[in-house]
Amino acid sequence: MHIPVFLIPIFIWALIQVIKLIIDKFNGIKLTFDRLFTAGWFPSVHSGLSTSLLVSIFYVDGINSSSFAITLIFSILFWYDAANVRYQAWKHAEVINNMRNQLSSIFELEYCSSNWQKLKERLWHTFGEVVGWILISWILTYALLKLLWFYGFIIW
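Residues numbered from 1 in each chain as written. Predicted model: local features only at pLDDT ≥ 70, side-chain atom pairs only at ≥ 80, totals over all residues. Heavy atoms only, no water.

Draft legend 1. Region of interest: the pattern of salt bridges. Taken as a whole, this structure holds 1 salt bridge when the rule is applied. The salt bridge involving Lys 91 is made with Glu 94; its shortest N-O contact spans 3.7 Å. Remark: Glu 94 and Lys 91 occur in helix α3 (residues 66-106); sequence separation between them is 3 residues, near one turn of the helix. Overall, Lys 91 belongs to the partly exposed group, its relative accessible area being 31%. Judged by relative accessible area, Glu 94 falls into the partly exposed class, the value being 24%. (Salt bridge = Lys/Arg side-chain N within 4 Å of Asp/Glu carboxyl O. Helix = DSSP H or I, 4+ residues; strand = E, 2+ residues; numbered from the N terminus. Buried < 20%, exposed > 50% of the residue type's maximum accessible area, 1.4 Å probe, protein only.)

Draft legend 2. Structural context of the nonpolar core. Ile 8, Val 130, Leu 148 and Ile 155 are the most contacted members of the largest nonpolar core, which has 20 residues in total. Going through the elements one at a time, α1 (7-26), α2 (45-61), α3 and α4 (127-150) are the ones with two or more residues in this core. Examining the composition of this core, we find that 6 residues originate from one element, α4, more than from any other. For Ile 155, the contacting residues outside a window of four places in its chain are Ile 3, Val 5, Ile 8, Tyr 59, Val 60, Leu 145 and Leu 148. (Core = buried A, V, L, I, M, F, W, Y, C linked by side-chain atoms within 4.5 Å. Contact = heavy atoms within 4.5 Å.)

Draft legend 3. Representation of a nonpolar patch on the surface in the model. Residues Ile 70, Ile 73, Phe 74, Ile 76, Leu 77 and Phe 78 make up a contiguous nonpolar surface patch of roughly 570 Å² in combined accessible area. With respect to the helices and strands, Ile 76 occurs in helix α3. (Patch = residues over 30% accessible without salt bridge, like charges linked within 9 Å, V, L, I, M, F, W, Y side chains within 5 Å. Areas by Shrake-Rupley, 256 points an atom, 1.4 Å probe, with all protein chains shown as cover.)

Draft legend 4. Local environment of the packing of aromatic side chains. Under the definition given, this model contains 2 aromatic pairs. Considering the side-chain rings of Phe 150 and Tyr 151, the 5.2 Å spacing of their centres and the 85° angle between planes classify their relative orientation as edge-to-face. Take Tyr 151: its relative accessible area is 57%, and that puts it in the exposed class. One cation-aromatic arrangement involves Lys 146 over Trp 149; the distance from NZ or CZ to the ring centre is 5.4 Å. (Phe/Tyr/Trp six-rings, centres within 6.5 Å; stacked < 30°, edge-to-face > 60°. Lys NZ or Arg CZ within 6 Å of the ring centre and 35° of its normal.)

Draft legend 5. How the structure looks around α4. Between its first and last C-alpha atoms α4 spans 34 Å; for 24 residues at 1.5 Å apiece the expected length is 34 Å, and the two agree. Taken together, the buried positions of α4 are occupied by Glu 129, Val 130, Trp 133, Ile 134, Ser 137, Thr 141, Leu 144, Leu 145 and Leu 148. Residue Gly 152 follows α4 closely and has a positive phi angle near 85°. (Expected span 1.5 Å × (residues − 1).)

Here you go:
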């Protein structure tokens, strides 16, 4: 049986999302459907998905292929974004939320009302979270590819 290469990272993405829900449950975070698609915290789904795609392309096309080179560059961008760019977005959200709280005690402004939703501050991942999920996703993807190969599946 033939399996398209893009299904491997999608499976790993879903697995990481389930792992995220399990970790959330142990951390006392209320489980909701929205948590499946929430950015930030542990694990780094961005890092896991891009790493799984990179490993899958390496497995199918090899390290000298143009598809591997393209996937590598985009994976590096994802990893950088997860640990750096979104860190800055968190800092901005933190400052805006603090300003809103300070202004709400002084002025009765529309954006300071209780209807105004606080900006999400935890969008980013630590460097360790990104590296950790690069390694874990690499292992999960490689294990899945070997398992599929063992059972006679062909990845294309």
